[in-house]
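Overview (structure and organization)
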Amino acid sequence: MNITVEKQPNCNASLLVEVPSDTVQSERNKIVKTYTSQARIQGFRPGKAPRKVIEKRFGSSITSELEERLARQAFEKAMTEQGLKVLDFGRPADFKETPDGSVTFRSQLTLAPEINLPDYKGITITAGSAEVTGEEVEQNLQSLRERLADYSDIEGRTATTGDLAVIDYTSTLDGTPLEEALGKPVGYLSGREGFWIKIDEESFLPGFAAELDGCSAGDEKEIKVTVPEDFPVAELHGKELVFDVKVKEIKEVSLPELDDEFAAKVTGGKGLDELKSMVEQQLGVEKQRQVDDAKVNQIVEHFNELVDFDLPEELVREETQSQADSLVQRGVQSGMSEDEIAAQQAEIFATAGVQARTNLKTNFILQEIARVENIQISDAELVNHLATVAQSRKESPKKMIKQLQKEGRIPGIRNSMLVGKAIDFVLEHANVEEASASTEDQEEKS
């Protein structure tokens, strides 16, 4: 069997196979023999039908099985002799039988990227502290109080810092309605009715809420705001927006007392000390997750800065679509309309494409590290992981695993576990430095 591989850009390769006539005939004989032994043809005892009768009756099936068998043998030989790491063998095509009985065919392969690994042991990364401070616990408790607050209409005074205003508003840029000026939807910036806003510096755009201080229900006013440079819509950076605002209601916030009665409502019967302990524990888990995520992000950034290689375009398209779907879903959950999402389709796919390439590069690098370090996922580890997932979902493990097998998702889950193990390996061999307080503050702002 003669195999020629022509590598092409973007992890593609053309495979040309020539199978000698003696190999073709040998494999055909094996297949015909099997059909002869198993066929039930009227007028002949089992296994006694003449070859010509078998080939006439099952000719197309014999040919299909022969082509499949020859292709499988060629693929195995290509990987063994030429060291190919194949992601997808494609569909063999152009089967041709020459006058001497030999067979040729070709297939378009998708190869795994060729990666020159950088040093992945001893990478220096910084890590913040996962320690929970008393101030953080108090802030979280304050947020709980605000969520359970009572709101009452204000009478006899104007609004002040800490109150809530219910407003209707529209916006313009250079005298033109904002969406018309930009040529695309901009969500809540364009206008809302019955919009609740807390009168403090953190609400809405900088300087907007302060203009509501001193207002009463029924007041109308014009509020001018300059959009900051870190606002998500780049076209508005430094622009002055004019908001026409009508104050419909002003409300006073009455926070519940932070006592055992409040704690019982939140926890289902536990006291204040127990609530504080629960909050501290939850914050600790969240901060540790953030620290771990920050470490992983630094590893990803490190690899993506040092290593570059071609990626299979089909995988890039699939991952880009997956990332775009996730962005759209998050947009819907945050209240974006279909028109707003449609208007930002180009930006969504641009962002998704960048993330897709980063994800795929990181995945392939970590898989290569796993290969070099002989990191594997055993069947027992896979089953235990799936059993844990099933238990968390309150499903039968056997039923869930059977469904995953049916959907062909088991290999993907195994690969995800392998990548996770490779990340753990890199982190175990990393040089972890404690982040300074200023560094942590900067990371939180970013």
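What you see is a predicted model; the values in this text were computed from it and never measured.

This brings us to the side chain of D163. Tracing the chain through its elements places D163 in the loop between β7 (150-153) and β8 (164-173). One polar contact links the side chain of D163 to the main-chain amide nitrogen of T160, over a distance of 2.9 Å. Those residues within four positions of D163 in sequence are excluded, and the remaining contacts are I154, R157, T158, I197, K198, I199, K251 and E252.

Between helix α3 (residues 134-147) and helix α6 (residues 272-306), the shortest axis-to-axis distance is 10 Å and the interhelical angle comes to 110 degrees. Classified by the angle their axes make, α3 and α6 are roughly perpendicular. Residues E136, V137, E138, N140, L141 and L144 of α3 form the contact with α6, whose own contacting residues are L275, K276, V279, E280, L283 and K287. Taken together, the residues of the contact of α3 with α6 break down into six nonpolar, one polar and five charged.

To continue, consider the nonpolar core. If you look at the biggest cluster of nonpolar residues, it comprises 34 residues, and the most contacted ones within it are F303, L366, I369 and L386. Elements represented by at least two residues in this core include exactly α6, α9 (345-372), α10 (379-392), α11 (397-406) and α12 (410-428). By residue number, the principal contributor to this core is α12, which donates nine residues. In contact with L366, other than residues within four places in its own chain, are F303, V419, A422, I423 and V426.

Next up on the list: the packing of α6 against α9. The interhelical angle for the contact between α6 and α9, taken along N-to-C directions, is 95 degrees, at an axis separation of 10 Å. It follows from the interaxial angle that α6 and α9 lie roughly perpendicular. Residues V300, F303 and N304 of α6 touch α9, and the partners they reach there are T358, K361, T362, I365, L366 and I369.

Of note, the phi angle at N374 is positive, near 55 degrees, even though the residue is not glycine. On the secondary structure map, N374 appears in the loop between α9 and α10. With a phi close to 60 degrees, K394 is a non-glycine residue in the positive phi region. One can find K394 in the loop between α10 and α11. The class of K394 is exposed, set by a relative accessible area of 79%.

What follows deals with the packing of aromatic side chains. Under the definition given, this model contains 14 aromatic pairs. Ring-pair connections join several aromatic residues into one group, and the members of that group are Y169, Y188, F195, F204, F208 and F243.

Turning next to the environment of E340. Structurally, E340 is set in helix α8 (residues 338-343). Once the C-alpha coordinates of E340 and P185 are considered, the two residues, 155 residues apart in sequence, prove to be 5.0 Å apart. For E340, the contacting residues outside a window of four places in its chain are P185, V186, G187, R192 and G335.

Calculation notes
Residues numbered from 1 in each chain as written. Predicted model: local features only at pLDDT ≥ 70, side-chain atom pairs only at ≥ 80, totals over all residues. Heavy atoms only, no water. Helix = DSSP H or I, 4+ residues; strand = E, 2+ residues; numbered from the N terminus. Polar contact = N/O pair within 3.5 Å; in protein donor to acceptor, adjacent residues only side chain to side chain. Contact = heavy atoms within 4.5 Å. Axes fitted to C-alpha atoms, helices over the stretch in contact; angles between N-to-C directions. Parallel < 35°, antiparallel > 145°, perpendicular 65-115°, else oblique. Nonpolar A, V, L, I, M, F, W, Y, C, P; charged D, E, K, R; others polar. Core = buried A, V, L, I, M, F, W, Y, C linked by side-chain atoms within 4.5 Å. Buried < 20%, exposed > 50% of the residue type's maximum accessible area, 1.4 Å probe, protein only. Phe/Tyr/Trp six-rings, centres within 6.5 Å; stacked < 30°, edge-to-face > 60°.

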